[in-house]
Amino acid sequence: MAACKYCGEKAGFLSNKHYFCELKYKQGKQRVAQMVEYILRNGGEFSSLKKRIKEIAISSAVRLQELDAIYIKTFNKAVNSLIEEGHFTEAIEDRIAEFQQAFQLSQEMLDQDGTLKRVAKLSIIRDLDKGLIPEPRMVVESYLPFHLQNTEQLIWIFNDVECYKQNPNLQADTSLRMLGKNEKRHYYRKVDEKSETVKMVQMQHMGDGTCALTNEHVYFTSGNKKYKLKINNIASTEAFKDQISLFREGFDSDAQLFKNIDGVFMYNAINRLIS
Ligand SMILES: [Zn+2]
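Residues numbered from 1 in each chain as written. Predicted model: local features only at pLDDT ≥ 70, side-chain atom pairs only at ≥ 80, totals over all residues.

A. Looking closely at the nonpolar core. In terms of nonpolar packing, the biggest core is built from 26 residues, with Cys 211, Leu 213, Phe 258, Met 266 and Ala 269 touching the most fellow members. At the level of secondary structure, the elements contributing two or more residues to this core comprise β1 (154-166), β3 (197-214), β4 (217-222), β7 (243-248), β8 (255-259) and α7 (263-273). In terms of residue count, the dominant contributor to this core is β1 (six residues). Apart from the residues within four sequence positions on either side, Cys 211 is in contact with Phe 158, Val 161, Val 218, Tyr 219, Phe 220, Phe 258 and Ile 261. By size, the runner-up hydrophobic cluster in this structure holds 21 residues, among which are Ala 57, Phe 99, Val 119 and Leu 122. (Core = buried A, V, L, I, M, F, W, Y, C linked by C-beta atoms within 7 Å. Buried ≥ 20, exposed ≤ 12 C-beta atoms within 10 Å, placed from the backbone. Helix = DSSP H or I, 4+ residues; strand = E, 2+ residues; numbered from the N terminus. Contact = placed C-beta atoms within 7 Å.)

B. The arrangement of the packing of helix α1 (residues 19-42) against helix α3 (residues 64-85) in detail. Here α1 crosses α3 at 45°, and the two axes come no closer than 9 Å. In terms of orientation, α1 and α3 fall into the oblique class. Handedness of the α1/α3 crossing: right-handed. Here α1 contributes Lys 29, Val 32, Ala 33, Val 36, Glu 37, Leu 40 and Arg 41 to the contact with α3, which in turn contributes Leu 67, Ile 70, Tyr 71, Thr 74, Phe 75, Ala 78, Val 79 and Leu 82. Tallied by class, the residues present in the contact of α1 with α3 amount to eleven nonpolar, one polar and three charged. (Axes fitted to C-alpha atoms, helices over the stretch in contact; angles between N-to-C directions. Parallel < 35°, antiparallel > 145°, perpendicular 65-115°, else oblique. Left-handed = near helix turned anticlockwise from the far one by under 90°. Nonpolar A, V, L, I, M, F, W, Y, C, P; charged D, E, K, R; others polar.)

C. Quick peek at the packing of α1 against helix α2 (residues 46-59). The contact between α1 and α2 brings their axes to 10 Å, and the two run at 170°. In terms of their interaxial angle, α1 and α2 are classed as roughly antiparallel. Of the residues in α2, those touching α1 at Gly 28, Arg 31, Val 32, Met 35 and Ile 39 are Phe 46, Leu 49, Arg 52, Ile 53, Ile 56 and Ala 57.

D. Main features of unusual backbone geometry. Of note in this structure, Ala 61 is not a glycine but carries a positive phi near 60°. Note that Ala 61 resides in the loop between α2 and α3. Within the chain, Asp 160 stands out as a residue other than glycine whose phi angle is a positive 55°. Structurally, Asp 160 can be placed in strand β1.

E. Spatial organisation of the environment of Asp 242. Counting through the fold element by element, Asp 242 comes out in the loop between β6 (234-240) and β7. Those residues in contact with Asp 242 that lie beyond four places of it in its chain are Lys 259, Asn 260, Ile 261 and Gly 263.

F. Structural detail: the confidence of the model for the protein chain. Summarising the model, the protein chain shows a mean pLDDT of 85, and 84% of its residues fall at 70 or more. Confidence, read as mean pLDDT per element, is least for strand β2 (residues 187-192) in the protein chain (50) and greatest for α1 (97). Note that residues 171-188 has pLDDT below 50 and, in this model, 22 contacts with residues that lie over four places away or in other chains. (pLDDT = per-residue confidence, 0-100.)

Okay, here's the thing in structure tokens:
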């Protein structure tokens, strides 16, 4: 006869668990998740929460190693709902830092679904709204292939970004046609919502590489190709979920399109940085 995996007592014929032991275990896990969500939303004493969670874990046979997974899952769920509800405040941001420290959760653990990056971007936008130059929020692990000026502050860095240049002299190609396999990469379907037409704008693929945003410039580098655009020389921006086009000041000037980037964040940050 096997033992119950929760209480260790005999579990009966062909069974490895008692019904009520399993129920208690599931309820224990649920209770921990609820308590973590509550404190993230409403605040409270993290040290007493930790103590209470330990008691619940012991009494419901939840192993201590299982708790981290509950914390991370609950963190992702709670923070993303708070953001979507529009209730993400500075107080919650402070609470997240406290939570991370109290439960000794690493940046990588809390960013498995990109939630911590989302939080960092929101605080950057909030700083910019207050007229502050944002402090770096995430640890930059990759080597920074740019020389920043003394007054310059790195805001964000994106890797594996595709860079295209929109040549204004080649924009005449407005007809829709089938593109060859190799051509595809060099065209960008631009949908004009007002006229409901799709125009093919010729894009020149400049390379794939690293794109960085500072309080003064947008940088891009791919191998030996380097590109630097002063924020104050940006005339307009056009953003989508995963791309942004930057139009330089000047009549008929070219545009730079960055793909595989958080376009919405870039758009919001750049438009606040333009002075
Ligand atoms: Zn049992």
